[in-house]
Structure formats: structure tokens, C-alpha cells
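Single-letter residue listing:
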Amino acid sequence: MSAHHALLPGRALIALSGEDWRSFLQGLITQDVETLAPGEARFAALLTPQGKLMYDLFMVGRPDGAWLEVEADRREALIQRLAMYRLRAKVQIAADDAPVSALWGGEAPSDGGWVADPRLPALGHRGYGAAAPVTAEEADYDAHRLDLGVPGPADWGFEETYPIEANFDLLGGIDFKKGCFIGQETTSRMKRRGQIKTRMLPISFEGEGPAPGAEILAGTLRAGEVLSGRDGRAMASLRLDRIAGDLTADGWEVRVERPDWMAQALAPSQD
């Protein structure tokens, strides 16, 4: 099967360089920076001090520093926040306008510019200034991601969600052994307790389905909320202790999907 290649105008790059870039970033984000190799990508986040998601990002190693791939409409705000943390660190922080793209459903070209998506192999590759015929739209990639049950920024919002609730721990987005990062105390405590009450899961339904923000009910009890989606499928924030029975949202019957990559995390809810 031929690979699908889509430009992602909703994503953009920040370039970090300078002799202190690793130590500067290491104390900020949820992923280990010190061992990042050129040509390697890692999924990560910058959290609030209270441990909630502000910025998701892909950190991509380069010979002289790293790229941070972020939401395009939040790039400038993140640059400003990083500059605030810089203090005396010898690090340069600048926007980089190389295009971001995604390739899935086949092998990446061998002519460079591609890195494996660090979250799931089925998500394919991320491209940074990579050359390949464009065969799909950003919406097609989002549909592919949704089919795999992987949430995105539209689901977790800004300073609303803990990263574990958005499955960052299951998608390689948090290194619990790396040492300190902003929001670490809350994040580590949630992991140590091992009782995650709420997670994002895909749901399916017939037709157009409930609108984003609709309350999901297990009988008369609140089970969660519909997040982003399309006809027939959406992401939802769900209480794991209330997903075993029949669920409804705005009068629609909804079915909870359980992706294979989440099987271990969901096992306690299937007693």
C-alpha cells in the first residue's frame, strides 16, 4: 500500500541551539533531553507548575541543537515562555519555518528529513522539510490518528488536563526517571498511586453523533464528556469505573473503543 503524505500547517517549529540547550530544556519538559540523539524524535509536554498540559511537543534532535514541533498558533507564546525561563542560559530560541508533515501507511523515503513518530508505530513518520508528493490533507491525518484512538491538542485544551489523563504516559510522553521538570510532583504522584480515574478513549456511534462538550451518561450517572471527532467517531474523556455498561450522550448511544495499545492501562476496569 502506498504511503499517505500530508502537510501539517497546524504545526510549526522552534529551533533551539547554543551550548546550554540540553540543560536548559532538561529541567522544563516531561521528556529526557540529555540522551536525545540527532535524527531522533521524542514526544513531550510543557506543564503548568500544577501539572496540567500547556504545550504538547515533539523534540527532534539535530547536530547543533533541537527542533520543538508545536501547535502553530501557539508557537509565539511558547517562544516567549521559553525566553522567560532562559535567564543566563546560553541558548538561542527562534522560530523555524521548515514545513511539518506526516507520512503513514507505508515506508518513509530514504532521502532524509523523516523521523519515526515516537508515540505509536502505526502513526508513521514526522517530516521536517522532507520532500515527498503530497497525497493527503491534514484532516486525513487527523482521521487516521483518531482511528488509532490517539488524542490531540483539541482534546486536552490549554491548562485543563493532566497529561496522564491524555495518555501521555502510554504514548511515551513522560520519562518518570529523568529527574525534575515543571509539574513533576503532581504527575509523579498520579503515576505512583496507579489509580487513574479518568482517561481519554475513542467512542463510536451511528451518524453525526453528539456534539463536542456533550455529557456522556452511564444511566443517570455522569461518565464523561465528548471531545473532538467526526461522524461516527470521537475522542472522549471518560471515568474508567463507568465505561462497562450502556452509555449515551445527547440521546445518542455511544460505544467505548479500547485500543490495543491501551489494554494494560484499562485492564483494572474490566474485572
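Here, the structure is the one placed above.
Residues numbered from 1 in each chain as written. Predicted model: local features only at pLDDT ≥ 70, side-chain atom pairs only at ≥ 80, totals over all residues. Heavy atoms only, no water.

Asker: Would you take a moment to explain the sheet that holds strand S7 (residues 100-104) for this structure?
Answerer: Strand pairing in a sheet relies on backbone hydrogen bonds, with the paired strands running either antiparallel or parallel. With antiparallel pairing, the four strands of this open sheet are ordered in space as S1-S7-S9-S8. Each of the sheet's edge strands pairs with one partner strand only, and the pair in question is strand S1 (4-7) and strand S8 (114-116). Strand-to-strand, the axes of this sheet are offset by a mean angle of 25°, without reference to chain direction. Relative to S7, S1 is paired through four bridges, and the arrangement is antiparallel. Residue pairing for S7: His 4 is matched across the bridge by Trp 104. (Pairing = 2+ DSSP bridges. Helix = DSSP H or I, 4+ residues; strand = E, 2+ residues; numbered from the N terminus. Axes fitted to C-alpha atoms, helices over the stretch in contact; angles between N-to-C directions.)

Asker: I'm lost on the pairing of strand S12 (residues 221-230) in this one. Help?
Answerer: On a regular strand, each side chain points to the face opposite its neighbour's, so the side chains alternate between the two faces of the sheet. Examined bridge by bridge, strand S11 (residues 215-218) and S12 share four bridges and lie antiparallel to one another. Bridge pairing in S12 links Glu 215 to Glu 225. Here S11 hands over to S12 after two residues, with Gly 219 in that stretch at a positive phi of 70°. Sheet analysis places S12 next to strand S13 (residues 233-239), joined by five bridges and oriented antiparallel. Across the sheet, residue Val 226 finds its bridge partner in S13, namely Ala 236. Where S12 hands over to S13, the hairpin turn is made up of two residues, of which Gly 232 adopts a positive phi near 90°.

Asker: Got a minute to help me understand the nonpolar core in this structure?
Answerer: One broad rule of soluble globular proteins: the nonpolar side chains tend to lie buried together. Grouped together as the largest cluster of nonpolar side chains are 35 residues, with contacts concentrated most on Leu 53, Tyr 128 and Phe 168. Looking at this core, the elements that each hand over two or more residues are strand S2 (11-17), strand S3 (41-47), strand S4 (53-62), S7 and helix H3 (138-147). Looking at this core element by element, the count peaks at four residues for S3. Filtering out sequence-adjacent residues up to four positions away, Tyr 128 remains in contact with Leu 13, Phe 58, Val 60, Trp 67, Glu 69, Pro 99, Val 100, Gly 113 and Val 115. Counting 24 residues, the second-largest nonpolar core is a separate cluster that includes Leu 16, Ile 29, Tyr 55 and Leu 82. (Core = buried A, V, L, I, M, F, W, Y, C linked by side-chain atoms within 4.5 Å. Buried < 20%, exposed > 50% of the residue type's maximum accessible area, 1.4 Å probe, protein only. Contact = heavy atoms within 4.5 Å.)

Asker: Whenever I open this one, the environment of Ile 182 confuses me. Can you help?
Answerer: Inspection of the secondary structure assignment puts Ile 182 in the loop between helix H4 (153-156) and helix H5 (184-193). Relative accessible area serves as the criterion here: at 15%, Ile 182 is assigned to the buried category. For Ile 182 and Pro 49, which are 133 residues apart along the polypeptide, the C-alpha to C-alpha distance reads 5.5 Å. When near neighbours in sequence (up to four residues on either side) are disregarded, Ile 182 contacts Gly 27, Leu 28, Leu 46, Leu 47, Thr 48, Pro 49 and Tyr 85.

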